[in-house]
Structures are given as C-alpha cells and as structure tokens.
Amino acid sequence: MTPIITVAYLSVLACALFVLIRWPRLRLQGEEPVGLFTLIALLFTAGLDMGLVMLPLAEFPIYEEDPAFGFTNALAVEFGMWGPLVWLMYFVATFYFIALEPRLQLFQIPAVKWVYNLTVIATCSFTCYLFMSNLPTYAPDLPQGAVWALVVVVIATAVLSSGNMAVMKWLAIISSYGFGMLAFTALAMIAFVYSRVGLGDFFDSVGLLGGYFAHLPRFATPISDYHEFYLFWWFAWSIMIGQFVARFVGGLRVWQLALAMVALPAIPLGLWFSVLFVYHQGGIVIPGWLNWFMIAVGVVFVVNSLDSLIRLYSTNLNWSRETLGDRRYYPLHFLLQLGLVGAYVFTPFEIQWVGLIVAALYGVIYVLLARHMGKLGGIGRPAAG
C-alpha cells in the first residue's frame, strides 16, 4: 500500500499549494463562525486524540532504535508524525467544504455520501480503541474490566455531549486549557522538582525540533511502516475534520486560515513533545498523580473527538437528535460506537483500511472536480484586490 499512500499524500500537499497560489485572499465564512481562539480550540481537540498525550513517551525509544529514522533525532520524528504537513491536509479539506462543496455538492452524491460517512463512523470508534489500547501503559494496574468500564463511560459521555453544540464548544475550550495546564505542570516539575534536569534541558529539546524542518521532504513520503500507518491514520481523519472545522471559520482569508491551521497547532505540539522528551532523556519516572492527570486530559480529548465526529456523521446521515429524538439517538450512537470498538479489538479490522478508502475517495473527488470545473470559475472574484 506504500505507493498508494505516497501518491495520495503528495497530491493533497500539491492541492494545498495550488489553493494558496490560486485563492490566497479569498475570504472564507462558515455556517456558525466563531472567534479565532475557539476555532483553533475546536480544531486542536477534534483533530487530535489521546495519542497526543499518551503516545510520545512510548514512541521515542522506537524512533531511536529504528535505523529508518536515523537521519534525525527522535523528538523531530515525533513532531513530524503530528506536525505541520499533516495539518495542511486539514486545511485543504476545510477550504473545500467552505468554497467548493456548496457549488458542487459532490458529497451529496449517494455513493460518495455513504462511503464517506461510514469512514467517519469507523474512524470515530478507532479514537476510542486507541485510548483503550494505550491506557495500560499509563495505568498498568488497572484491571481489564475497569478499562472496558472507562471506555463505556467515555462513549456514553461523548454521545450525550454530541447532542448539544454548546457543550461541544465548551468541551473544546476546557480540553485546550487542560492540555495547557498539563504541559505547564510537567514543565514546572522539570524546573523545580527534579535536580538532574532544568529549564536548560527543555530549551535544548526545543532546539531539536529543527531536525524536522531540516528534513521536511523526508516526511512527505512514508519513511517506514510505522510512519505509513500514521499517514493512513491522518488520511482517515482529514476529510471529516475539514468538514467539521469548515462550519466554524469566521471570515478568514485563505492564507490566514492556512497559517492558523498549520502554525498555531504546531506551537503547543512542539512545546509538549519537548517537555516529554526531557522526561525521556532524563529517565524520569512520571509520578502517579501526573500520570493520572495525563490520563484525565487524554479522556477529555477522546470525548471531544468522539462527540465532534458523532455530531458530524449524524447530521450528514440525518441521524441527528432533532430527527430521531432522544429515545433513538442516544442508544443508536452508543451501541454503534461500542460495537465498532469491539470490532477493532476482536477482529483484524484496522484503521489502515479506512485510510485506504479515504485515499480512494480523494481520487473520486479529483475526477469529479475535473468534470465540474466550469462551476468554479467565479470563485474568488468578489474578494480580489
């Protein structure tokens, strides 16, 4: 599958460059515009999941031992797995759903609509499965029954919050603040508690992020099987996050939206990974209370990702709370997500399959775009100048 993901990823990056060159000053307005901070909070918490909080410490050793990543340091690799090139995919999808989809209605074509929304449903449940899979790393004494109980609570909470847009927005803001508090607390522990390390080690780590930018082209194609898995994962997310974020964009020009969606999330990501890399290099054992703080923030991220995507596909398929009513809406989405988590656990079902379908969907959209180019001629003219 390497050639497929390579071509698919490079084509999306090329699309990002084309959009920035062709329509840099086009002003974009979503259906429910919000302020820039709220927009980035929604993007950051919907476009990421618990992996941001719980995966890096487990992955640093992998990158240090794998010769495929020997061209740079493990921190730069971790940043590259989650970094700016990935967020360009979200930007392309967001632009499409604001500027092009209202004219073309390609995602209203029945076959496209159903395939797309099935990938949203499957990716949504993968977020919960990933949380479940990695929780024992941070809470090894937690019984398997307790893990499943926590998964049930997370899904139930996400389904409940998905029925109320106001709750969803506040969850995004709270999880962003919670993530900031977590990063600050972990940094304060480095500065004032551990005698072996200090703030100088943190700034040294920040400097290592330059290894990503020095080797940027290497991250545009699969470096290893593990990187390929990440690319399929991001592909599975890309269209749905673009559609979700598009409704909240508040009058930004194309270049401003690209800058906001690519640069602003990269700053907290880089700082957080730099903090964790100090823990990794110093061989510091994270205290239990900080471990549980990380788990708590991870839970909020999972809930926030799930409720955003549940609301997205339920609206697309007309399975919303307003349409079905409470007595059908809540049980339907709870059982659907719990059942798919079970499929990830007990069957060979993998997120790469979903990413492959989304990559094929991109191909279909490219073909349909080419056939309907005549409808796009007037885009950007009123905003020129």
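To be clear, the structure that these remarks concern was listed above.
This write-up is about the structure you can find in this document. (Residues numbered from 1 in each chain as written. Predicted model: local features only at pLDDT ≥ 70, side-chain atom pairs only at ≥ 80, totals over all residues. Heavy atoms only, no water.)

Some words on the pattern of salt bridges
Inspection of every chain in the model, using the stated rule, returns two salt bridges. When the shortest N-O distance is used, the salt bridge between Arg247 and Glu32 registers 2.6 Å. Note that Arg247 is positioned in the loop between helix H12 (225-246) and strand S2 (250-253) and Glu32 in the loop between strand S1 (27-29) and helix H2 (36-46), a separation of 215 residues in sequence. Note that Arg321 is salt-bridged to Asp326, the shortest N-O span being 2.7 Å. (Salt bridge = Lys/Arg side-chain N within 4 Å of Asp/Glu carboxyl O. Helix = DSSP H or I, 4+ residues; strand = E, 2+ residues; numbered from the N terminus.)

Quick look at unusual backbone geometry
Positioned with a positive phi, Gln105 is a non-glycine residue whose angle comes to about 55 degrees. Within the secondary structure, Gln105 is located in the loop between helix H6 (84-104) and helix H7 (110-138). On the basis of relative accessible area, Gln105 is assigned to the partly exposed category, the value being 39%. Notably, Asn318 is not glycine yet its phi reads approximately 65 degrees, a positive angle. Structurally, Asn318 is set in the loop between helix H14 (288-316) and helix H15 (321-324). (Buried < 20%, exposed > 50% of the residue type's maximum accessible area, 1.4 Å probe, protein only.)

Observations regarding the packing of aromatic side chains
For the coordinates displayed, the defined rule picks out 39 aromatic pairs. Ring centres 5.2 Å apart and planes at 85 degrees place the aromatic pair Phe79 and Tyr212 in the edge-to-face group. Of the two residues, Phe79 is situated in helix H5 (residues 74-82) and Tyr212 in helix H11 (residues 210-214); the sequence distance between them amounts to 133 residues. Of the two residues examined, Phe79 and Tyr212, each falls in the buried class. (Phe/Tyr/Trp six-rings, centres within 6.5 Å; stacked < 30°, edge-to-face > 60°.)

Here's the deal with the state of the cysteines
Using the criterion set out here, one finds zero disulfides in the structure. In this structure Cys128 is a free cysteine whose sulfur lies 8.4 Å from that of Cys124, the closest cysteine sulfur available. (Disulfide = S-S within 2.5 Å.)

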